Amino acid sequence: LDFYWTNGIDNNSFNEVIKYAGVSKGSIYRIYGSEDVLQKSVLSKYYETVVNKRIKLHSKNSIKKYVMAITSSLITNKSKPCLFYRTKTEKYKLGPVTKKFLGKMEGKVKKGYIDMIRNDFQLKNKKINDLDVVEMADFLINSMSTLTLIKLNTNSHKSLLSYSKYLVKQFS
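Residues numbered from 1 in each chain as written. Predicted model: local features only at pLDDT ≥ 70, side-chain atom pairs only at ≥ 80, totals over all residues. Heavy atoms only, no water.

### Points about the packing of aromatic side chains
- Taken as a whole and assessed by the stated rule, the structure comprises seven aromatic pairs.
- On the numbers, 6.2 Å between centres and 65° between planes, the contact of Phe-3 with Tyr-4 is edge-to-face. Exposure class is identical for Phe-3 and Tyr-4. Each is buried.
- Over the aromatic face of Phe-121 sits the side chain of Lys-124, whose NZ or CZ is 5.8 Å from the ring centroid. (Phe/Tyr/Trp six-rings, centres within 6.5 Å; stacked < 30°, edge-to-face > 60°. Buried < 20%, exposed > 50% of the residue type's maximum accessible area, 1.4 Å probe, protein only. Lys NZ or Arg CZ within 6 Å of the ring centre and 35° of its normal.)

### Observations regarding the packing of helix 4 (residues 35–58) against helix 7 (residues 96–123)
- The contact between helix 4 and helix 7 brings their axes to 9 Å, and the two run at 5°. As the angle between them shows, helix 4 and helix 7 are arranged roughly parallel. Listed contacts from helix 7 to Asp-36, Val-37, Gln-39, Lys-40, Leu-43, Ser-44, Tyr-46, Tyr-47, Val-51, Ile-55 and His-58 of helix 4 are Pro-96, Val-97, Thr-98, Phe-101, Leu-102, Met-105, Lys-108, Val-109, Gly-112, Tyr-113 and Met-116.
- In the contact of helix 4 with helix 7, the residues fall into 14 nonpolar, five polar and three charged. (Axes fitted to C-alpha atoms, helices over the stretch in contact; angles between N-to-C directions. Helix = DSSP H or I, 4+ residues; strand = E, 2+ residues; numbered from the N terminus. Parallel < 35°, antiparallel > 145°, perpendicular 65-115°, else oblique. Contact = heavy atoms within 4.5 Å. Nonpolar A, V, L, I, M, F, W, Y, C, P; charged D, E, K, R; others polar.)

### Some words on the pattern of salt bridges
- Under the definition given, this model contains six salt bridges.
- Across the pair Lys-93 and Glu-90 runs a salt bridge whose closest N-O atoms are separated by 3.2 Å.
- In this structure Lys-93 comes out as partly exposed when scored by relative accessible area, which is 40%.
- Between Lys-110 and Asp-138 there is a salt bridge whose closest N-O contact spans 2.9 Å. Of this pair, Lys-110 sits in helix 7 while Asp-138 sits in helix 8 (residues 130–153), placing them 28 residues apart in sequence. (Salt bridge = Lys/Arg side-chain N within 4 Å of Asp/Glu carboxyl O.)

### Remarks on unusual backbone geometry
- Backbone geometry places Asn-125, a non-glycine residue, at a positive phi of 55°.
- Locating Asn-125 in the fold gives a position in the loop between helix 7 and helix 8.
- According to the relative accessible area criterion, Asn-125 is exposed, its value standing at 73%.

### Observations concerning the side chain of Arg-54
- Mapped onto the secondary structure, Arg-54 falls in helix 4.
- Classification of Arg-54 by relative accessible area gives buried; the value is 19%.
- Arg-54 has contacts with Tyr-66, Ile-70 and Ser-79, leaving out every residue within four places of it along the chain.

### What about the environment of Thr-148?
- Relative to the assigned elements, Thr-148 resides in helix 8.
- You can call Thr-148 buried: its relative accessible area is 3%.
- Sequence spacing of Thr-148 and Arg-86 is 62 residues, and the spatial spacing of their C-alpha atoms is 6.5 Å.
- Setting aside its immediate chain neighbours within four residues, Thr-148 contacts Pro-81, Cys-82, Tyr-85 and Arg-86.

### Section: the confidence of the model for the protein
- Of all residues in the protein, 99% have pLDDT values of 70 or greater, and the mean over the chain is 88.
- Ranking the elements of the protein by mean pLDDT puts helix 1 (residues 2–7) last with 80 and helix 7 first with 92. (pLDDT = per-residue confidence, 0-100.)

So, in structure tokens, the structure goes:
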């Protein structure tokens, strides 16, 4: 998991993964059957250990607090760029099993964001219709992908903060 989290699922050869893990190629194939299933397993574990917990942790917070917490962890390097968003941006490189799982994972993330957005609007005593909530959840997913890409490609704290401030304004 750590190897993929650090290097991304899409940017490594299978041989690099095997070398890092210190096991034989045969062992990996016996356990997972294919590189595609291994990648799906990594994303599944990542969802359970990181993404799901992060969404649950912030589910009662405002969108602003959530975005700023993620941005802060990226700037201070308390967490690595999100493997889910990193993988989502280059899903065309994935096998069919991993792509299918990534779609399911995105649906779960979207549901978590929908709940977070509804809660945020309740806290502000504002009403919002279901279609707007879904559109905002999609926007938030794409925006978090953008934050991840900013971190990966520029590592600019100024750019991360600037985009986060823009994002927070969209939800105000």
